[in-house]
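Read off the chains here:
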Amino acid sequence: MKFTFAPEARPLDGYTIKRAIHRGGFGEVYYALSDAGKEVALKLLNNNLEVELRGVRQCLNLKHTNLVTIFDIREDGDNDHWVVMEYVGGPGLYETLQGYPEGMPLNEVLAWLTGMTAGLSFLHDRGIVHRDLKPANVFRDQGQVKIGDVGLSKYISESRRSAQTQSVGTVYYMAPEVARGRYGREVDVYAMGIMLYEMLTGNVPFDGQTTAEILMKHLTAEPDLSVLPQKLRPVIMGALEKDPDQRISTVEELENKFRAAVSGENASIPVTLPRTKTERAAAAESVSSPRATQRPERSPVLEDTVISDAPPSSPKTALAAAAALWNSIPQSLQFVIGGAIALLIIEADMLRPLAVGGIIGGAAFLGYQMLRMVTENVEKKKNENEQVVKAAGVAPPPPPPPAGVSPQPSVQPKRERFRRARKNKPTPQSPRTFTPATLRSIPAGYRATDLFSSLSLSLIAVSLVTVAVFYTTDMLGNMTHAVYFAAVTMLASWAVIVPSKLWEGRSADGFARRLVMATIGIGVGLVAGELPKFLLVDQQDLFRGAMATPPVAFGRVVLSDGSGNPTTASLMLFFAVLFAARRWWWQADSFRSSRFRVTSALLTLLVGMAITGALQEVTFPDALGATWALALSAVVQLSSGWTPHADRQKLAEEQQQVADKPHEEPVDVAVEAANA
Amino acid sequence: MSATLENDSQYRTNLFFGETLIPEASTEELVEESGEETSVSSQCRKFMLWIDGVGGWQLCTGNSFIIGAPSLEKESADIALLANVSRQHASLYCEGEDWRLTAHQPTQVAGKLIESETVIRSGDQICMAERVRLGFRIPSVLSTAAVIDFESDHRPSYSVDGIILLTDHCLLGPRRDHHIYCSHWPDLVVLFEQDGELRCRSNSTLHADGAVVRDSAPLSHGTVITGEDLRFRVEQMD
């Protein structure tokens with residue numbers, strides 16, 4: 001965190017800055033002492049919009065124990081405005097929440113709620129809407145809850161300019177109607193609802209990688225209330241109502257309903273404010289003090305928030321249990337079990353494709369293990385090298401010039417320095433799960449690197465698979481057959497990888513994607529059908545196994561010409577269906593669950609077999625079709641870039657930062673979309 | 001115990017009439033009572049650490065520390081609380097691995113009234129004059145340095161988030177078991193005393209007043225330490 005002013009700087013006459021406190025949505029906040037020694041917080045306003053200042057001036061003389069008192073507004077030598085206000089020590093709600101990743105005890109929640117309600121209803125009673133209520137704006141000093149940034153947000157969101165400066169931390173608490181420019185006090189009720197949800201569960205109800213994603217969820221998604229105690233659900237639902245007219249209308253009403261629900265839920269919960277810091281500290285930290293034992297036990301009601309109360313057994317859960325069981329089996333064992341299943345199917349005359357499938361699967365797995373060994377070694381070496389560099393004390397990037405070392409650092413324009421310093425974004429507080437469905441903005445550079453490395457890796461994967469097929473089966477009679485098989489597999493894998501990598505991280509319409517994939521599949525089929533003519537492949541030999549069937553044709557489309565060889569049209573049909581039947585982009589996504597998933601490959605094999613089975617009637621080679629399906633899945637999974645789970649959060653943040661560099665476009669897009 | 005209560009009301013009466021000092025009579029009384037103990041003089045040096053984004057922390061270096069009330073005439077206690085306590089109410093000192101508390105005035109440790117001296121452990125609460133409560137903890141197993149937390153609302157006259165009793169070294173960093181928890185810091189910074197000089201070092205690159213720190217750097221009054229994502233200033237307190 002870099003700040004504009006150094007300790008001991010005196011931007012305002014009479015006040016000496018001692019340290020920076022934090023950087024908020026409206027500017028930097030410093031802890032300063034007056035010449036006589038009075039401690040204050042000094043807030044430097046980012047942009048001196050006249051409206052902003054009017055907002056603060058309105059609130060200058062508001063007095064309430066639950067509001068952070070504003071002492072004065074001052075102008076410094078650079079014509080920047082400062083708000084001089086009461087310094088509030090002690091951990092704020094934001095810090096407190098970090099101590100409770102799974103939710104706070106109920107009486108803690110009530111203590112915060114009571115203070116916030118008192119402060120907010122005082123504001124609402126004077127016709128002022130806070131508009132920027134969030135945990136980082138709520139403090140507690142010696143037991144007294146205090147709301148900060150009063151009056152600062154009043155006009156802020158009306159200017160499009162400032163909408164771009166909204167950080168992720170702010171949009172978590174933003175009511176849906178804000179996108180339409182409506183700011184009643186219901187906005188504060190909504191924010192309170194989100195904060196209550198967060199206090200109870202440890203997580204915000206609407207989370208996402210980008211501001212646009214979160215805004216969209218505020219507008220459309222329903223919060224997951226199942227994690228809340230039963231009785232509290234209607235209250236939180238009432239506060240999180242999308243339509244402000246349907247929402248609980250005042251904060252007092254929200255508090256009353258919440259209290260009523262709590263006492264209904266468990267009347268024995270003592271609703272007391274922890275009086276001393278000991279009790280608070282004891283609750284916040286695990287450092288044991290004698291008093292810690294006196295702290296009220298977490299109510300059994302809240303334990304429910306962790307355990308989901310799904311009905312004990314339903315077909316869906318049985319299926320999920322089966323899936324979980326399968327996933328718990330080590331990968332190598334999965335092959336054995338897969339083989340056993342294959343043996344069973346052999347009885348059903350599907351011997352050849354399954355045997356080939358097993359072989360390819362085995363070869364692919366071996367290849368993957370080898371690849372992993374190699375990459376892990378490389379990775380290890382790299383890490384070791386990094387550690388050596390660190391130990392030697394050679395820090396690679398020199399830190400930016402310490403803007404704050406000299407007491408009077410007003411060399412470069414303040415605005416510039418702000419912009420540079422404001423890159424710190426609040427990071428999501430809880431570990432997230434990253435799947436291919438996770439929306440994320442991947443900068444073009446990352447995407448291109450990933451795509452090209454995947455494509456080049458696929459060359460190796462294709463060779464590996466072709467060699468496996470060539471030497472273990474008699475399907476590919478000679479070298480030209482092998483070349484043909486490799487060429488088509490390669491083309492097909494590229495046809496999967498390219499669109500998948502382009503789609504990665506973007507919001508998906510599964511149907512549209514499948515339609516596109518089917519179209520691409522038609523193209524691949526066309527090549528597969530025409531290529532033998534160019535390679536002068538003996539088709540009779542290549543496609544043996546196909547049953548000669550009577551000619552089948554739909555108009556000009558000849559699915560079977562009676563020759564015993566598959567027609568181009570049947571190959572096109574095969575690939576179109578194969579491409580549309582599987583969710584191929586999941587197999588190529590960097591955030592797929594594991595680099596090589598046996599289940600995915602087996603499932604693809606089954607799909608391939610089903611399609612070839614169906615195409616038997618139009619002279620289609622059973623072995624080749626199913627083998628292609630499996631080979632394709634193996635190649636795609638082996639070669640597509642994959643990010644280990646541990647690195648996903650970091651990568652996503654890194655990409656987000658790169659993507660955010662110019663400015664946060666998505667907010668505007670979403671706001672615009674909402675306005676439309 | 002009742003004497004303390006009397007002092008309490010007397011003190012408040014004096015406060016009401018504008019006197020912020022401990023009333024003279026009672027001071028004398030306390031001096032008499034404590035007898036020899038008053039000769040205990042501060043052995044430690046005091047610093048303020050102003051840490052960006054974290055807070056203001058007092059750092060006392062040495063092995064023995066006095067808890068008491070501030071004084072305008074004489075030297076103040078090392079942990080000088082604006083509270084109705086004696087100027088030298090109790091002393092904390094570190095002996096090898098152990099910390100001990102010597103009570104010059106009635107003091108409770110972990111709920112037990114201490115006659116003269118006791119061993120104090122991490123997590124124990126020090127209670128003086130019934131209402132003044134301090135937390136005592138040794139957050140790190142790597143160091144004997146202790147942290148004093150203000151558990152009642154009694155604090156020094158200046159604003160401070162906590163007091164570090166630095167015996168060997170103290171850790172500032174991103175973990176809860178560091179003496180000063182600096183959640184946003186990328187790396188650990190160690191403060192230690194060497195040849196009567198307070199110094200700091202870190203594995204990551206630090207700058208002391210703009211100059212790159214090689215190995216470690218001395219900290220004197222006014223030194224500003226900057227690093228990637230961190231900055232703090234050291235002030236010697238008189």
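Here's what I pulled together on the structure shown here. Residue numbers restart at each chain and count upward from 1, following the sequence in its written direction. Chains carry letters and ligands carry numbers; both start at the beginning, A for chains and 1 for ligands, and go up in the order they are written. Side-chain atom pairs in this predicted model are given and counted only at pLDDT of 80 or more, local residue features only at pLDDT of at least 70, and totals for whole chains, interfaces and linings cover all residues. Hydrogens are left out, water is left out, and the side-chain values use all remaining heavy atoms of the structure.

1. Quick notes on the overall build of chain A
Secondary structure counts use DSSP, requiring at least four H or I residues in a row for a helix and at least two E residues in a row for a strand, with both numbered from the N terminus. Tallying secondary structure elements over chain A gives 25 helices and nine strands in all. Summary of the burial criterion: residues with accessible area below 20% of their type's maximum are buried, those above 50% are exposed, and those between are partly exposed, where the area comes from a 1.4 Å probe applied to protein chains only. Within the span of chain A, comprising 676 residues, buried residues form 51% of the whole. Considering only contacts in chain A between residues 6 or more positions apart, those separated by 24 or more positions represent 72%. Total accessible area on chain A stands at roughly 30800 Å², and carbon and sulfur atoms take up 60% of it. Here a residue-residue contact requires only that any non-hydrogen atoms of the pair lie within 4.5 Å. Every accessible area reported is derived by Shrake-Rupley at a probe size of 1.4 Å, with residue values counting cover from the shown protein chains alone.

2. A short note on the overall build of chain B
What chain B contains, in helices and strands, is two helices and 22 strands. Across the 238 residues of chain B, 56% fall into the buried class. For chain B, the accessible surface area stands at approximately 10600 Å², while carbon and sulfur atoms represent 46% of it.

3. Remarks on the side chain of R137 of chain B
You can see R137 of chain B is positioned in strand β11 (residues 132-137). One polar contact links R137 of chain B to D149 of chain B, side chain to side chain, over a distance of 2.6 Å. Polar contact is the term for a pair of N or O atoms within 3.5 Å; when the atoms are in protein, one must be able to donate a hydrogen and the other to accept it, and sequence-neighboring residues count only if both atoms are side-chain atoms.

4. With respect to the packing of aromatic side chains
Centres within 6.5 Å are what make two rings of Phe, Tyr or Trp a pair, Trp counting through its six-membered ring; a difference in plane orientation under 30 degrees is then read as stacked, over 60 as edge-to-face, and the rest as tilted. Throughout the structure, instances matching the rule amount to 18 aromatic pairs over all chains. A ring pair is formed by F574 of chain A and F575 of chain A, whose centres lie 5.1 Å apart and whose planes are at 75 degrees; its orientation type is edge-to-face. Taken as a pair, F574 of chain A and F575 of chain A share a single burial class, namely buried. With centroids separated by 6.0 Å and ring planes inclined at 20 degrees, the aromatic side chains of W185 of chain B and F232 of chain B adopt a geometry described as stacked.

5. Focus: the pattern of salt bridges
Salt-bridge detection follows one rule: a side-chain nitrogen of Lys or Arg within 4 Å of a carboxyl oxygen of Asp or Glu. Inspection of every chain in the model, using the stated rule, returns 24 salt bridges over all chains. Between E235 of chain B and K18 of chain A there is a salt bridge, with its nearest N and O atoms 2.6 Å apart. Taken together, the residues span two chains, with E235 of chain B in strand β22 (residues 230-236) and K18 of chain A in strand β1 (residues 15-24). Neither E235 of chain B nor K18 of chain A differs from the other in exposure class; each is buried. K146 of chain A is the salt-bridge partner of E86 of chain A, the closest N and O atoms lying 3.2 Å from each other. With E86 of chain A in strand β5 (residues 81-86) and K146 of chain A in strand β7 (residues 144-147), this pair connects stretches of sequence that are 60 residues apart.

6. Points about the nonpolar core
Side-chain atoms within 4.5 Å link the members of a nonpolar core, which is a set of buried Ala, Val, Leu, Ile, Met, Phe, Trp, Tyr and Cys residues. The biggest cluster of nonpolar side chains holds 108 residues, and the ones touching the most others in it are M199 and F258 of chain A together with L92 and L165 of chain B. Excluding residues that lie within four positions of it along the chain, M199 of chain A makes contacts with L93, L97, G103, M104, V109, W112 and M116 of chain A. One finds A492, V496, A528 and L638 of chain A within the second-largest nonpolar core, a separate group that totals 58 residues.

7. Some details on the sheet that holds strand β21 (residues 224-227) of chain B
Residue and element names in this part refer to chain B. By this definition, two strands are paired if DSSP reports at least two bridges between them. Taken in spatial order, the 12 strands of this open sheet run β8-β7-β10-β11-β12-β13-β2-β1-β22-β21-β18-β19, and their pairing is mixed. The open sheet has two edge strands, β8 (112-114) and β19 (211-212), and neither has a second partner. Sheet analysis places strand β7 (residues 107-109) next to β8, joined by three bridges and oriented antiparallel. Looking at the pairing, Q108 lines up with L113 of β8.

8. Things to note about the pairing of strand β14 (residues 169-173) of chain B
Every other side chain in a regular strand lies on the same face of the sheet, so the side chains alternate between the two faces. Residue and element names in this part refer to chain B. With respect to burial, β14 is a largely interior element, four of its five residues being buried. Two strands pair when backbone bridges link them, and β14 and strand β16 (residues 189-194) are joined in this way by four bridges, in the antiparallel orientation. Paired with H169 across the strands is F192, a residue of β16.

9. Quick notes on the environment of A614 of chain A
For A614 of chain A, the position within the fold is in helix α22 (residues 598-615). Note: C-alpha distance between A614 of chain A and F574 of chain A (40 residues apart in sequence) is 9.6 Å.

10. Considerations on helix α3 (residues 106-125) of chain A
All names here are of chain A. If you check α3, its first and last C-alpha atoms are 27 Å apart, about what 20 residues at 1.5 Å a residue would give, namely 28 Å. Burial analysis of α3 places 17 of its 20 residues in the buried class, the great majority of the element. Positive phi shows up at G127, right after α3, with a value of about 75 degrees. Helix span, expected: 1.5 Å multiplied by one less than the number of residues in the helix.

11. Re the sheet that holds strand β4 (residues 79-80) of chain B
Residue and element names in this part refer to chain B. Judged by pairing direction, the sheet is mixed, and its five strands sit side by side in the order β4-β3-β5-β6-β9 without closing on themselves. Sheet topology places β4 and β9 (117-120) at the edges, where each strand pairs with a single neighbour. In terms of strand pairing, strand β5 (residues 90-95) meets strand β6 (residues 98-103) through six bridges, oriented antiparallel. Paired with S91 across the bridge in β6 is T102.

12. What about the side chain of S71 of chain B?
Residues and elements named next belong to chain B. Residue position: S71 is located in the loop between β3 (64-68) and β4. Judged by relative accessible area, S71 falls into the buried class, the value being 11%. Residues contacting S71, with those up to four places away along its chain left out, are S76 and R87.

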